[in-house]
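Spelled out, the chains give:
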Amino acid sequence: MPGRVVVQWDKEDCADMGIIKVDLLGLGMMAVLEECLELIPKHYEEKVDLAQLPADDSTVYKTLRSADTVGMFQVESRAQMSSLPRNRSRQIL
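This is a predicted model, so every value here is computed, not measured.

Definitions and cut-offs
- Residues numbered from 1 in each chain as written.
- Predicted model: local features only at pLDDT ≥ 70, side-chain atom pairs only at ≥ 80, totals over all residues.
- Heavy atoms only, no water.
- Helix = DSSP H or I, 4+ residues; strand = E, 2+ residues; numbered from the N terminus.
- Buried < 20%, exposed > 50% of the residue type's maximum accessible area, 1.4 Å probe, protein only.
- Contact = heavy atoms within 4.5 Å.
- Lys, Arg positive; Asp, Glu negative; His and termini not counted.
- Charge placed at Lys NZ, Arg CZ, Asp CG, Glu CD.
- Patch = residues over 30% accessible without salt bridge, like charges linked within 9 Å, V, L, I, M, F, W, Y side chains within 5 Å.
- Areas by Shrake-Rupley, 256 points an atom, 1.4 Å probe, with all protein chains shown as cover.
- Salt bridge = Lys/Arg side-chain N within 4 Å of Asp/Glu carboxyl O.

Engineer: Just to check I follow, could you spell out the overall build of the protein chain for this structure?
Structural biologist: In terms of regular secondary structure, the protein chain is built from four helices and zero strands. Along the protein chain, from the amino end to the carboxyl end, the secondary structure elements read α-α-α-α. The buried share among the 93 residues of the protein chain stands at 10%. Contacts spanning at least 24 positions in sequence make up 30% of the contacts within the protein chain whose residues lie at least 6 apart. Across the protein chain, the 11 positively charged side chains and the 15 negatively charged ones have centroids separated by 9 Å.

Structure follows, in C-alpha cells:
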C-alpha cells in the first residue's frame with residue numbers, strides 16, 4: 001500500500017514513539033488453513049468456504065465452553081482456556 005511503513009519494533013518502543021504496533025501472530029496458522037482448504041475437498045469431497053461458516057455452530061461453542069481447545073488457534077493458551085467456560089459463548093455477534 002503506497003505510503004505505508006512497516007517496522008519490527010517491540011511494543012514498548014512503539015509506545016514511546018507514539019506509533020501504533022500491530023502484531024500479525026497468525027501467519028503460520030494462515031498457511032495451515034490454506035492447506036486444509038486444499039485437503040478437505042481431496043479427502044471428503046466437500047468444498048469449504050470460510051465466508052459461509054455458520055456463526056452459531058453448536059458443536060464449536062460446546063467445545064469452546066468446555067475449554068477443550070488444545071491446538072485451536074487463539075484459544076489454546078492457559079489464560080484463554082481458563083476464561084472460556086466463564087464466557088459461555090454460543091455465537092459470534
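Structure shown, so let's carry the discussion forward.
Engineer: I keep staring at unusual backbone geometry and nothing clicks. Help me out?
Structural biologist: Trans is the prevailing form of peptide bonds, just as negative phi is the prevailing case for residues other than glycine. Positioned with a positive phi, Glu45 is a non-glycine residue whose angle comes to about 50°. Within the fold, Glu45 resides in the loop between helix H2 (27–44) and helix H3 (58–65). Phi at Ala67 is positive, roughly 60°, even though this residue is not glycine. Along the chain, the position of Ala67 falls in the loop between H3 and helix H4 (78–87).

Engineer: What is the right way to look at a negative patch on the surface in this model?
Structural biologist: On the surface, Asp10, Glu12, Asp13 and Asp16 cluster together to form a negatively charged patch. Mapped onto the elements of the fold, Asp10 is located in the segment before helix H1 (11–17). Residue classification places Asp10 among the partly exposed residues on the basis of a relative accessible area of 39%.

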